[in-house]
Amino acid sequence: MTLFELYKKSAEELSFGGCGEFETGVIFKDILNIETKFYDYSFVQATDSQIALMNEIIGRRKNGEPLQYIVGKWDFYGLTFKVGEGVLIPRPETENLVEYVLNEIKNVKNPIVFDLCSGSGCIGITIAKIRPDAKVYLFEKEDKAYSYLSKNLEAFKLPNAVPVKCDILDCDLHDFPIADVIVSNPPYIKSAEIPTLQAEVKREPLSALDGGNDGLIFYRCIASKWTSKVRNGGLIACECGDGQSAEILPLFERVVSEKKVIFDFNNIDRIVAFRI
C-alpha cells in the first residue's frame, strides 16, 4: 500500500464525521510527520508501523475520542495549545469572545484581566500574548485542566499571565486586585442535556460542560460575587449557549449599567457583555 492509498483509505474510514479528508490530513501531518502533498507519495510505500498507527487512530476516533486529544494540540486565534483528556477543546466560536474583549480594551492601558474557568488557558493566554502590558489571572480548579493550563503557560513563557488554582464558585477574592475585565467561557449546558451530546463531546470533562439544572450556576456566581472585583466602567464578557442570553441578562440587571448580546457567525447569541 502506498502512502497515497493509505491516505485515501483512512479518509474514507473517517468520513463518518463528515471530515475524513481534513482529519486524515491533520493526522498525517501532526502524527505521521507527512505533509499532505500526496502526489509526492503516490509511489512511496507505507511502512507497517504507519499502517498500524493509522488503524489504531481510526479505531480511537470511531470510539468517540476527539481528534484534538489524539493529536495532543489544537489551534486557537493563531496560537497552538496543548490539549488532552480532562480539558475543554478550544473552539472557533470562543475566538469571537477574545476578539470582542481585545477590541473593548484597546484603549485601556495596563489592563487587569480575570479569565474565569480558564481550562487550557486559550482565552487568557491569547489576551496576555497580544497585550503584553496586561496582567492576566487565569482561574481553574480541576487538576487535569490546570495541568494543561500550566503546560501552555510554560510553552508561551508569558510573565504577565498568572495561574490561580481555585473554584470560582468558592474562591476568596481578597488576594486579587480590582479588574478591568472579567472574561469567561463557563460550563453552561443543562445537566439533563449532557446525555444527548455527541459522543466525542461527552469525552470532554463534565466539569467544563455542566452548568447545573438550568445551565446558569456560573453566571449567577459571576453576577453576585465577581462583579464586586470589577472597576466602575469595567467589562464582563461571557460565552453562552444558544438562546441563553435572555435568561442571563436579568441576573446582572442590579449590578451593571449596560448590557449587550453579541451573535456569532451562525447567528447564535454567543456572548453576553456587561459594563459595571
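Residues numbered from 1 in each chain as written. Predicted model: local features only at pLDDT ≥ 70, side-chain atom pairs only at ≥ 80, totals over all residues. Heavy atoms only, no water.

Novice: Account for the packing of aromatic side chains, with residues named and values stated.
Specialist: Scanning all chains against the criterion turns up twelve aromatic pairs. Centre to centre, the rings of Phe-114 and Phe-139 are 5.4 Å apart; their planes meet at 70 degrees, and the pair counts as edge-to-face. Placement of the pair is Phe-114 in strand S3 (residues 112–116) and Phe-139 in strand S4 (residues 135–140), with a sequence separation of 25 residues. In this structure, Phe-114 and Phe-139 share a single accessibility class: buried. Ring geometry for Tyr-137 and Phe-176: centres 6.0 Å apart, planes at 75 degrees, overall edge-to-face. A residue pair is termed long-range when its members are at least 10 positions apart, and Tyr-137 in strand S4 and Phe-176 in the loop between strand S5 (161–165) and strand S6 (179–184) qualify at 39 residues. Given a relative accessible area of 12%, Tyr-137 falls into the buried group. What makes Phe-176 buried here is its relative accessible area of 14%. Each member of the aromatic cluster is reached from another via a ring pair, and the members are Phe-114, Tyr-137, Phe-139, Phe-176 and Trp-226. The ring of Tyr-148 has Lys-151 lying over it, and the distance from NZ or CZ to the ring centre is 4.5 Å. (Phe/Tyr/Trp six-rings, centres within 6.5 Å; stacked < 30°, edge-to-face > 60°. Helix = DSSP H or I, 4+ residues; strand = E, 2+ residues; numbered from the N terminus. Buried < 20%, exposed > 50% of the residue type's maximum accessible area, 1.4 Å probe, protein only. Lys NZ or Arg CZ within 6 Å of the ring centre and 35° of its normal.)

Novice: Talk me through the environment of Ser-228; I want residue IDs and the actual numbers.
Specialist: For Ser-228, the position within the fold is in the loop between helix H8 (217–224) and strand S7 (230–239). By relative accessible area, which is 51% here, Ser-228 ends up exposed. For the pair Ser-228 and Val-71, spaced 157 residues apart in sequence, the C-alpha to C-alpha distance is 40 Å. Discounting chain neighbours no more than four positions away, the residues touching Ser-228 are Leu-173 and Ile-178. Within the local environment of Ser-228, its side chain forms a polar contact with the backbone oxygen of Lys-225, the two atoms lying 2.7 Å apart. (Contact = heavy atoms within 4.5 Å. Polar contact = N/O pair within 3.5 Å; in protein donor to acceptor, adjacent residues only side chain to side chain.)

Novice: Please set out the sheet that holds S5 residue by residue, giving values where relevant.
Specialist: Here we have seven strands laid out as an open sheet, ordered S5-S4-S3-S6-S7-S9-S8, and mixed in their pairing. This sheet does not close on itself; its edge strands, each paired only once, are S5 and strand S8 (258–263). Each strand of the sheet is rotated relative to its neighbour by a mean of 15 degrees, with strand direction disregarded. In this structure, S6 lies alongside S7, joined through five bridges in parallel fashion. Bridge pairing in S7 places Val-183 opposite Ala-237. Each of S6, S7, S8 and strand S9 (269–275) touches helix H5 (residues 92–104); the most contacted strand, S7, lies at about 165 degrees to it. Across the sheet, helix H7 (residues 143–156) is in contact with S4 and S5; its angle to S5 comes to roughly 165 degrees. (Pairing = 2+ DSSP bridges. Axes fitted to C-alpha atoms, helices over the stretch in contact; angles between N-to-C directions.)

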